[in-house]
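Chain residues, written in single-letter form:
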2 protein chains.
Amino acid sequence: MLSSWNDTNTKKALIDFVDRVTKKDGPDFVPEPERIAVFDNDGTLWAENPTYVEGLFAIDRMKEMVAKDPSLKDSPIFKPFIDKDIEAIHKLGIKGIEEFVLKTHEADTQEAFSAIASQWFDKAVYAYYKNPVVRCYYQPQHELLQYLRANGFKTFIATGGGLEFVRAIAEKIYGIPPEQVIGSSNKVTFDLQEKNVAVKRISELKSFDDREEKVVNISLHIGRRPVFVFGNSDGDLRMMQYCLSGKGPRIAFLLHHDDAERERAYDKDFALSILKEALDVAGEWGIHVVSMKNDWKKVFAFE
Amino acid sequence: MLSSWNDTNTKKALIDFVDRVTKKDGPDFVPEPERIAVFDNDGTLWAENPTYVEGLFAIDRMKEMVAKDPSLKDSPIFKPFIDKDIEAIHKLGIKGIEEFVLKTHEADTQEAFSAIASQWFDKAVYAYYKNPVVRCYYQPQHELLQYLRANGFKTFIATGGGLEFVRAIAEKIYGIPPEQVIGSSNKVTFDLQEKNVAVKRISELKSFDDREEKVVNISLHIGRRPVFVFGNSDGDLRMMQYCLSGKGPRIAFLLHHDDAERERAYDKDFALSILKEALDVAGEWGIHVVSMKNDWKKVFAFE
């Protein structure tokens, strides 16, 4: 296990933590039900750069929508993406991007959307990495999830990505079932027609699961403070601090993308995944900074 | 297992269902991750009549609050409860009752509230049943939960009761961990002070987990349509219909409180737990009506 991790201090700290919390009668023992581990997804479990996976999905859906209704080509939220006009995309701002995401994530019901996402995952390719999207997860993290579960941890995802989008694939590639995925959610409404009940999607954001909201949603979904958190951006800092300020043994990791050769090197400023505060306060909070370049023997399974 | 269930058609249907969905290569086989079973709590897993357990808690907390601040005695939402004035309580209406519940459930943080609830459960007595509250669960359901889990089901609670209130006890008495409890929730807010992160409670309702909202919250928390639902009132009908209108084998049960001798006999109209529609449409939807009197050999473990 953990064979894609180099024998560095990071790996040592990781194993030491797991050993301590699982040692019965040890001073740091944590009962199994309290071994809650929460992972961010984009840039933590799978690649997010140069493009978010969900961005690839959104672009593909936009194309489908435009093929069905060519008039959409000129809509103000689609046009910048069709033209690949980076400047115009930036000009859309958070609100415009949100509209674009909502529009490309439209579906009648939650189950209809899940089916759309599943079908997309079945054939989507991440061109930059020359591989199917479903293979663009990080191999060391895959091993870490298994290692934690083998040690009685329950593994969760808390993602800024769409709840149903990530749920459609998390079990298959991470072994994390839908009920252990927390994410950004749409408003929905109950619908009963004759003998059919459905949960209808409404094209409005209910919760953007990022920063402070990750903590609020962890409290809502899990109801326990995690003892283990892994993230890669300022969006994950709050849940790391939530984890670390609880009582008893706790640990938090911050993945630093410093590997231009095997993946990408970025930190201070990439799209929504901004890493400014978290890197600066890591030392002060005792957050372990994981260097992709030095701590990982392998990045992707397909390498 | 299921030794507190009489050998009736209900038990037969229950066992037959579990046999079918767990039979590999059988036509009704359901893969383990999809074996999602959802139970209501009040009146389904533990007694709710003559008083909701959470009502007992609210009254006790009110008394504590009044002891600390006697001026509260005359507050319009406390006075009817202090005077045990049933008519005045009814006059409070849903809004007034909600205010009373919110007031008696106030605490600085989610963790502070959980501690208050846990301490209460440690010593609370259900006077009507002459037993500790934590023993007022139904023995046949206790066996059913274990039976389902032994057959690869994941068991959840979807309760109209308070999320943190039920989470404080569900693991201990039902073996259901906090992350598998869905319930009515307060608004909360993220708080960071120096080195401390807390989830602060706000005295406002976020979601009243009843009727349609149970379906919405199951979708949010679980992300899968349950194949097994057990309830006892109109508040549970929607999630039964949600379960039953999915594809593949499904089953839903409605507990009918027809046992005045060992528990209580009530249906059409008890407080919030109204049973009008559900009993009438049970046949049409294929909902199994469970007779406490005939189907259960034992109601409580302490009998």
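Remember, predicted model here, so these are calculated numbers, not experimental data.

**Brief notes about the pattern of salt bridges**
A pair can form between side chains of opposite charge whenever their charged atoms are brought close.
Part 1: This model, assessed by the stated rule, comprises 42 salt bridges over all chains.
Part 2: Overlapping salt bridges, with partners in common, bring together K154(A), R224(A), E171(B) and E179(B) in one network.

**Focus: the packing of helix α8 (residues 212–221) of chain A against helix α7 (residues 163–174) of chain B**
Part 1: Two elements in contact, α8(A) and α7(B), have axes whose closest approach is 10 Å; the angle formed by their N-to-C orientations is 55°. With respect to α7(B), the axis of α8(A) lies oblique. Residues S219(A), L220(A) and H221(A) of α8(A) form the contact with α7(B), whose own contacting residues are L163(B), E164(B) and R167(B).
Part 2: Taken together, the residues that form the contact of α8(A) with α7(B) break down as two nonpolar, two polar and two charged.

**What about the relation of the copies chain B and chain A?**
Part 1: Once chain B is rotated about the relating axis by 180° and shifted along it by 0.0 Å, it coincides with chain A to within an RMSD of 0.0 Å. A rotation of that kind, with that shift, is consistent with a two-fold axis. Among all residues of chain B, the one whose C-alpha sits closest to the rotation axis is H221(B), at a distance of 3.2 Å.

**Some thoughts on the interface of chain B and chain A**
Part 1: With 41 residues of chain B at the contact, the number on the chain A side is 41 residues.
Part 2: Together, E179(B), F190(B) and L220(B) form the three largest contributors to the area buried by chain B at its contact with chain A, with a combined 18%.
Part 3: Summed over the shared surface of chain B and chain A, the number is ten salt bridges.
Part 4: K195(A) is the salt-bridge partner of E284(B), the closest N and O atoms lying 4.0 Å from each other.

**Some points on the side chain of D209(B)**
All names here are of chain B.
Part 1: In this fold, D209 is placed in the loop between β6 (196–207) and α8 (212–221).
Part 2: From its side chain, D209 meets the backbone nitrogen of T159 in a polar contact 3.4 Å long.
Part 3: The residues contacting D209, other than those within four sequence positions of it, are A158, T159, G160, I182, G183, S184, K214 and N217.

Cut-off values and rules
Residues numbered from 1 in each chain as written. Chains lettered and ligands numbered in written order. Predicted model: local features only at pLDDT ≥ 70, side-chain atom pairs only at ≥ 80, totals over all residues. Heavy atoms only, no water. Salt bridge = Lys/Arg side-chain N within 4 Å of Asp/Glu carboxyl O. Axes fitted to C-alpha atoms, helices over the stretch in contact; angles between N-to-C directions. Helix = DSSP H or I, 4+ residues; strand = E, 2+ residues; numbered from the N terminus. Parallel < 35°, antiparallel > 145°, perpendicular 65-115°, else oblique. Contact = heavy atoms within 4.5 Å. Nonpolar A, V, L, I, M, F, W, Y, C, P; charged D, E, K, R; others polar. Least-squares fit on C-alpha atoms with pLDDT ≥ 70 in both. Buried area = accessible area lost by both parts, 1.4 Å probe. Polar contact = N/O pair within 3.5 Å; in protein donor to acceptor, adjacent residues only side chain to side chain.

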